[in-house]
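Given next are the chains, with one letter for each unit.
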Amino acid sequence: QGKMQEQMDAQTSSLHSAEMKLASSEQTLKELKRDLSGFSAEEMIKRIQEDVKMSQMLVTDKLPKDTDVMSQKLRTLHATLNENVDLQALQHKVATMEAEVASL
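Residues numbered from 1 in each chain as written. Predicted model: local features only at pLDDT ≥ 70, side-chain atom pairs only at ≥ 80, totals over all residues. Heavy atoms only, no water.

A. Representation of the overall build of the protein in the model. When its secondary structure is counted, the protein shows 2 helices and 0 strands. Its C-alpha radius of gyration of 31 Å places the protein more than 25% over the 13 Å reference for a compact globule of 104 residues. Counting only C-alpha atoms, the protein reaches 90 × 60 × 10 Å along its principal axes. The buried share of the protein, taken over its 104 residues, is 0%. Roughly 9,800 Å² of accessible area belongs to the protein as shown, and the carbon and sulfur atoms make up 61% of that amount. Looking at the protein, you have 13 positive and 17 negative side-chain charges, and the mean spots of the two groups are 6 Å apart. (Helix = DSSP H or I, 4+ residues; strand = E, 2+ residues; numbered from the N terminus. Rg over C-alpha atoms; globule rule 2.2 N^0.38 Å. Buried < 20%, exposed > 50% of the residue type's maximum accessible area, 1.4 Å probe, protein only. Areas by Shrake-Rupley, 256 points an atom, 1.4 Å probe, with all protein chains shown as cover. Lys, Arg positive; Asp, Glu negative; His and termini not counted. Charge placed at Lys NZ, Arg CZ, Asp CG, Glu CD.)

Structure follows, in structure tokens:
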């Protein structure tokens, strides 16, 4: 009986979650309809063309620049990582020398 109550609670929770998602989707749909109701076909085409221009600008200008910046960061990280490997080797040598000095 306790297991059935848990299942019922889980299903009630799932139902509530689905109802919330439905309400959110319905609200979004209403807002989109309201936003688009005042546009003529020509205005819609103009808006889409502006969106296409913006997307083209992003692809041709912004994304390559961002990619270059990220590539530089990646090269810096690789260089830092390689330096850490050398640092570890130096630390090992120091430890070896300290052990030799301690044995004297």
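B. Focus on the pattern of salt bridges. Evaluation of the coordinates by the stated rule reveals 1 salt bridge. Residues Lys-62 and Asp-66 are paired through a salt bridge, measuring 2.9 Å at the closest nitrogen-oxygen approach. With a gap of 4 residues between them, Lys-62 and Asp-66 both fall in helix 2 (residues 41-103), about one helical turn apart. Looking at Asp-66, the relative accessible area reads 33%, which means it is partly exposed. (Salt bridge = Lys/Arg side-chain N within 4 Å of Asp/Glu carboxyl O.)

C. Structural view of a nonpolar patch on the surface. Nonpolar side chains collect at one region of the surface, where Met-54, Met-57, Leu-58, Val-59 and Leu-63 lie side by side and expose about 430 Å² of accessible area between them. Structurally, Leu-63 is set in helix 2. (Patch = residues over 30% accessible without salt bridge, like charges linked within 9 Å, V, L, I, M, F, W, Y side chains within 5 Å.)

D. Looking closely at the environment of Ser-24. With respect to the helices, strands and loops of the structure, Ser-24 is situated in helix 1 (residues 2-37). Accessibility expressed as a relative area gives 44% for Ser-24, which makes it partly exposed. In the structure, Ser-24 is positioned 79 residues away from Ser-103 in sequence and 74 Å away in space, judged by C-alpha atoms.

E. Up close: the environment of Met-44. Position of Met-44 relative to the elements: it lies in helix 2. Judged by relative accessible area, Met-44 falls into the partly exposed class, the value being 28%. For the pair Met-44 and Asp-61, spaced 17 residues apart in sequence, the C-alpha to C-alpha distance is 25 Å. When sequence neighbours within four positions are dropped, the list of residues in contact with Met-44 reads Leu-36 and Phe-39. (Contact = heavy atoms within 4.5 Å.)

F. Molecular detail of the environment of Phe-39. Its place among the elements puts Phe-39 in the loop between helix 1 and helix 2. The exposure class assigned to Phe-39 is partly exposed, which follows from its relative accessible area of 32%. In this structure, the C-alpha to C-alpha distance between Phe-39 and Gln-49, residues 10 residues apart in sequence, is 14 Å.

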